[in-house]
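Secondary and tertiary structure notes
The residues making up each chain are set out below.
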Amino acid sequence: MTQIIVVTSGKGGVGKTTSSAAIATGLALQGHKTVVIDFDIGLRNLDLIMGCERRVVYDFVNVINGEANLNQALIKDKRCSNLYVLPASQTRDKDALTKEGVGKVLDDLAKDFEYIICDSPAGIEQGAMMALYFADVAIVTTNPEVSSVRDSDRILGMLQSRSRRAEQNLEPIKEFLLLTRYSPARAKTGEMLSVEDVEEILAIKLLGVIPESQAVLKASNSGVPVIVDQESDAGLAYSDTVERLLGKDVPLRFIEEEKKGFLKRIFGS
Ligand SMILES: Nc1ncnc2c1ncn2[C@@H]1O[C@H](COP(=O)(O)OP(=O)(O)OP(=O)(O)O)[C@@H](O)[C@H]1O
Ligand SMILES: [Mg+2]
């Protein structure tokens, strides 16, 4: 059975595209045939993060409008043979994503793929609602700040009332929390919310905690999803997240402040 996973958030800029690219790559590296779709019409960030922006000829909206078939629009990943990207169009109007159109594309993809990852735009406009409508699983991406957590609660409301599963009285979407850009040091001083605070407010299952990391910017600049960088804290945290998504019980890492060694304390890092 194909699983449709939406990576969503209320607030913008919390790390959805970074997470979609990392999780899709992680699933593919584990041997699962995976496609990641950019629902952010007009922005086109996903293909940059995946490093395939120069290969985009046709996009999601072209397929919906019948101007290209899926085969023409899907971009095969350079590193991973069972990973594909369906890019967003850069210029079309945001209402191009219709329920019928999106539903048909997802049905077609489901014949071929085990996992369909939907990289949602932020908020609750058309693109975001279409990204979550058909989902079986939602990864609610949240930063450890009050505004981000509050907007996540809003998205949880949408998942529970405006999704296909809600409308058709099916088993509800499985909701997971992904806490990104986490800084243990700032949580400790109370500048930011702690893992426990966020878990308590949102009360959904924690899928992972991704530390604030320079490796993310480095990865996005080079067009290689950060999960490929297995030397980095963020890369390892995303790998753990994928393991949990696949049902494994993996302990959390990078949630405690790193203890500075004697020399670091004296000379700084
Ligand atoms: N763990 C992290 N550590 C440091 N920077 C991060 C981390 N995760 C994401 N970022 C940075 O945060 C910014 C926003 O990330 P991203 O584009 O993935 O967010 P988004 O939720 O998709 O945004 P939008 O709502 O605009 O689609 C980027 O500059 C990215 O490099
Ligand atoms: Mg994005």
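Residues numbered from 1 in each chain as written. Chains lettered and ligands numbered in written order. Predicted model: local features only at pLDDT ≥ 70, side-chain atom pairs only at ≥ 80, totals over all residues. Heavy atoms only, no water.

- By the naming in an unreviewed UniProt entry, the chain goes by Septum site-determining protein MinD and is assigned to Shewanella intestini.
- In its Subunit (unreviewed entry) section, the UniProt record describing the chain reads: "Interacts with MinC and FtsZ."
- Comment text from UniProt for the chain, heading Function (unreviewed entry), reads "ATPase required for the correct placement of the division site. Cell division inhibitors MinC and MinD act in concert to form an inhibitor capable of blocking formation of the polar Z ring septums. Rapidly oscillates between the poles of the cell to destabilize FtsZ filaments that have formed before they mature into polar Z rings." (UniProt positions renumbered as here; feature names shortened; annotations may be inferred.)

**Here we look at the overall build of the chain**
- Within the chain, the secondary structure is distributed over 13 helices and eight strands.
- Relative to the globule expectation of 18 Å for 269 residues, the C-alpha radius of gyration of the chain, 18 Å, shows essentially globular dimensions.
- Viewed in the frame of its principal axes, the chain has a C-alpha envelope of about 65 × 40 × 35 Å.
- Expressed as a percentage of its 269 residues, the buried residues of the chain come to 55%.
- Partitioning the intrachain contacts of the chain with sequence separation of at least 6 by distance along the chain shows that 74% fall at a separation of at least 24.
- Accessible surface, the chain as shown: approximately 12,900 Å² in total, 48% of it carbon and sulfur.
- When the 32 positive and 38 negative side-chain charges of the chain are each reduced to one mean point, those points stand 3 Å apart. (Helix = DSSP H or I, 4+ residues; strand = E, 2+ residues; numbered from the N terminus. Rg over C-alpha atoms; globule rule 2.2 N^0.38 Å. Buried < 20%, exposed > 50% of the residue type's maximum accessible area, 1.4 Å probe, protein only. Contact = heavy atoms within 4.5 Å. Areas by Shrake-Rupley, 256 points an atom, 1.4 Å probe, with all protein chains shown as cover. Lys, Arg positive; Asp, Glu negative; His and termini not counted. Charge placed at Lys NZ, Arg CZ, Asp CG, Glu CD.)

**Topic: the site of ligand 1**
- Taken together, 15 residues are adjacent to ligand 1, and Gly 13, Lys 16, Thr 17, Thr 18 and Ser 213 come closest.
- Here Gly 13 contributes a backbone N or O atom positioned 2.9 Å from an oxygen atom of ligand 1.
- In the model, an oxygen atom of ligand 1 is placed 2.6 Å from a nitrogen or oxygen of the Thr 18 side chain.
- For ligand 1, whose free accessible area comes to 640 Å², the fraction covered by protein is 81%.
- When residues of the shell around ligand 1 are traced back to their parent elements, those giving at least two are α1 (16–29) and β8 (205–211). (Near = heavy atom within 4 Å. Polar contact = N/O pair within 3.5 Å; in protein donor to acceptor, adjacent residues only side chain to side chain.)

**Considering the pairing of strand β2 (residues 34–38)**
- For β2, the buried fraction is high: five of the five residues fall into the buried class.
- With burial as the criterion, each face of β2 is covered, one bearing Thr 34, Val 36 and Asp 38 and the other bearing Val 35 and Ile 37.
- Pairing analysis gives four bridges linking β2 to strand β4 (residues 83–86), with the strands arranged parallel. What sits directly across from Val 35, in β4, is Tyr 84. (Pairing = 2+ DSSP bridges.)

**As for the packing of helix α7 (residues 146–161) against helix α10 (residues 195–202)**
- It is the contact of α7 with α10, at a shortest axis distance of 10 Å, that shows an interaxial angle of 30 degrees. Every pair of crossing elements has a handedness; the one defined by α7 and α10 is right-handed. Contact residues: Val 149, Ser 152, Asp 153 and Leu 156 in α7; Val 198, Ile 201 and Leu 202 in α10. (Axes fitted to C-alpha atoms, helices over the stretch in contact; angles between N-to-C directions. Left-handed = near helix turned anticlockwise from the far one by under 90°.)

**Some details on the nonpolar core**
- Of all hydrophobic cores here, the largest spans 51 residues; its most connected members are Phe 39, Phe 60, Leu 97, Val 102, Leu 109 and Ile 116.
- Setting aside chain neighbours within four positions, we find Val 102 in contact with Phe 39, Phe 60, Ile 64, Leu 97, Met 130 and Phe 134.
- Core analysis: the next-biggest nonpolar cluster, separate from the first, contains 35 residues, Ala 21, Ala 28, Ile 75 and Val 226 among them. (Core = buried A, V, L, I, M, F, W, Y, C linked by side-chain atoms within 4.5 Å.)

**A few points about the pairing of β8**
- The buried fraction of β8 is high, at six of seven residues.
- Sheet topology places strand β7 (residues 174–182) next to β8; five bridges connect them, and they run parallel. Across the sheet, residue Leu 177 finds its bridge partner in β8, namely Leu 206.

**Quick notes on unusual backbone geometry**
- Within the chain, Arg 181 stands out as a residue other than glycine whose phi angle is a positive 60 degrees.
- Along the polypeptide, Arg 181 turns up in strand β7.
- The residue Phe 254 is not glycine, and still its phi comes out positive at about 60 degrees.
- Position of Phe 254 relative to the elements: it lies in the loop between α12 (233–245) and α13 (262–267).

**Considerations on the packing of aromatic side chains**
- For the coordinates displayed, the defined rule picks out three aromatic pairs.
- Residues Phe 39 and Phe 60 carry aromatic rings whose centres are separated by 5.1 Å and whose planes lie at 75 degrees to one another, so their mutual orientation is edge-to-face. With a gap of 21 residues between them, Phe 39 in the loop between β2 and α2 (46–49) and Phe 60 in helix α3 (residues 60–64) connect regions that are remote in the sequence.
- Of note, Lys 33 hangs over the ring of Phe 113, and the distance from its end group to the ring centre comes to 5.0 Å.
- When the ring centre of Tyr 133 is taken as origin, the NZ or CZ atom of Lys 99, which lies over that ring, is 4.1 Å away. (Phe/Tyr/Trp six-rings, centres within 6.5 Å; stacked < 30°, edge-to-face > 60°. Lys NZ or Arg CZ within 6 Å of the ring centre and 35° of its normal.)

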